[in-house]
Amino acid sequence: MPASARQRCHAVLSGLVTLATAAVVSFAAPAPASAAEIWNETGSDRADPLTESQGLASVEVPANSPNRYTGIGTIPVGLSVRGWNHVGDPDASYDGHYVEPYQRDSGNTKMYRVQAPGGGWSEYVHTLSPGEALNNSWDAISPDGQWMLSGEWGTMDRLLVFPTPGVNPATSPSANLPQASTVHLDHPVRDVQGCDFAGPTTLLCSSDDPDGSLFGMTKPLLRVDLSAAPNGTADVTGHVTALRQLPLRSSCSGSFEVEGIDYDRRTGVLRVIVVSPGFCVLTDSKTYKFSRG
């Protein structure tokens with residue numbers, strides 16, 4: 001999310017931290033045709049505004065691992081004091097490497113924090129490529145585990161491809177994490193807050209687009225069909241389709257914020273976080289669940 005929106009969110013959530021501590025201690029293009037694929041809403045869970053308001057991931061290894069969530073309350077103090085004050089939508093490889101994307105308000109780097117299946121943490125820093133935006137909203141790991149996609153806030157016609165930190169042998173915490181290639185989208189997207197692989201060449205993405213001019217709807221669920229599986233050596237193209245508007249329901253009126261996304265291949269369940277406006281961020285923010293119709 002942009003700095004101004006993040007500051008507003010941090011102002012609300014930082015106030016919640018204080019209360020909790022006291023109580024408990026411009027592109028223009030026609031929209032593509034409507035998709036035949038249908039995702040039906042099947043339920044929802046309350047999303048805690050401190051610890052479940054940015055992203056989520058299902059983790060397959062170790063067995064019986066709980067779902068993971070991120071929010072302002074999950075940022076370790078040691079990272080925050082070094083300026084890493086925003087965590088985005090994480091993902092996990094099928095062998096259990098869990099990756100969180102971090103950003104800070106200035107500089108020319110972004111960071112990916114990796115937890116290995118054994119529990120140890122490491123940090124991989126990426127120096128921005130020319131023209132690359134500073135924000136780091138999400139990461140999505142390819143099914144083979146070797147490549148990680150990431151995106152930039154705003155209206156974009158590309159996704160970035162990196163070797164997966166901690167998994168791809170070309171990566172090291174002591175070296176810059178380089179951009180390997182690019183996914184060129186055939187239709188612009190706006191304010192993508194998360195993507196997850198639903199197959200070797202299929203992504204499902206959550207967009208916080210407040211405008212609606214790109215796809216004829218605000219806050220869409222998107223599908224991106226890649227021309228080939230990312231391999232880090234060659235660019236690929238991505239065909240973008242808007243599948244549906246994500247749920248925007250609350251007792252409060254105002255601006256919702258669509259956040260992270262997760263697809264669990266074991267159950268076929270898709271989950272997306274939608275943060276409610278105003279005071280209702282406390283009461284009825286939701287992680288919505290969907291199944292393919």
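Look a little higher up for the structure.
Residues numbered from 1 in each chain as written. Predicted model: local features only at pLDDT ≥ 70, side-chain atom pairs only at ≥ 80, totals over all residues. Heavy atoms only, no water.

Caption draft 1: Structural context of the packing of aromatic side chains. For the coordinates displayed, the defined rule picks out 3 aromatic pairs. Ring geometry for Trp39 against Tyr263: centres 6.1 Å apart, planes inclined by 85°, an arrangement best described as edge-to-face. A residue pair is termed long-range when its members are at least 10 positions apart, and Trp39 in strand S1 (residues 39-46) and Tyr263 in strand S17 (residues 257-264) qualify at 224 residues. In this structure Trp39 comes out as buried when scored by relative accessible area, which is 2%. Between the aromatic rings of Tyr112 and Phe162, the centroid separation amounts to 5.9 Å while the plane-to-plane angle is 50°, which identifies the pairing as tilted. Linking Tyr112 in strand S7 (residues 109-115) with Phe162 in strand S11 (residues 155-163), this pair joins segments that are 50 residues apart in sequence. Side by side, Tyr112 and Phe162 carry an identical accessibility label, which is buried. (Phe/Tyr/Trp six-rings, centres within 6.5 Å; stacked < 30°, edge-to-face > 60°. Helix = DSSP H or I, 4+ residues; strand = E, 2+ residues; numbered from the N terminus. Buried < 20%, exposed > 50% of the residue type's maximum accessible area, 1.4 Å probe, protein only.)

Caption draft 2: Focus on the sheet that holds strand S18 (residues 269-275). On the basis of which strands lie adjacent, the open sheet formed by 4 strands has the order S1-S19-S18-S17 and antiparallel pairing. Two strands in the sheet have a free side with no partner beyond their single neighbour: S1 and S17. The sheet shows a mean angle of 25° between the axes of neighbouring strands, direction not considered. With 6 bridges joining them, S17 and S18 adopt antiparallel strand pairing. When the sheet's bridge partners are listed, Ile261 is paired in S18 with Val272. (Pairing = 2+ DSSP bridges. Axes fitted to C-alpha atoms, helices over the stretch in contact; angles between N-to-C directions.)

Caption draft 3: Quick look at unusual backbone geometry. Looking along the chain, the bond that leaves Val61 and enters Pro62 is cis, with omega of 0°. Summarising the element assignment, Pro62 is placed in the loop between strand S2 (55-57) and strand S3 (68-70). For Asn64, which is not glycine, the phi dihedral falls at a positive 65°. Tracing the backbone through its elements, the reader meets Asn64 in the loop between S2 and S3. Judged by its relative accessible area of 78%, Asn64 is exposed. With a phi close to 50°, Lys219 is a non-glycine residue in the positive phi region. If you trace the backbone, Lys219 turns up in the loop between strand S14 (202-207) and strand S15 (220-226). For Lys219, a relative accessible area of 8% corresponds to the buried category.

Caption draft 4: Focus on empty space enclosed by the protein. Roughly 100 Å³ of volume is contained in the largest cavity. For the lining of the largest cavity, the secondary-structure elements that each account for two or more residues are strand S5 (91-92), strand S13 (192-199) and S17. By residue number, the principal contributor to the lining of the largest cavity is S17, which donates 3 residues. Here the lining of the largest cavity is built from residues that sort into 5 nonpolar, 1 polar and 6 charged. (1 Å grid on protein atoms, 1.4 Å probe; cavity = no way out; pocket = protein on both sides within 12 Å on 5 of 7 lines; lining within 4 Å. Points joined across faces, edges and corners; volume = space filled by probe spheres on them. Nonpolar A, V, L, I, M, F, W, Y, C, P; charged D, E, K, R; others polar.)

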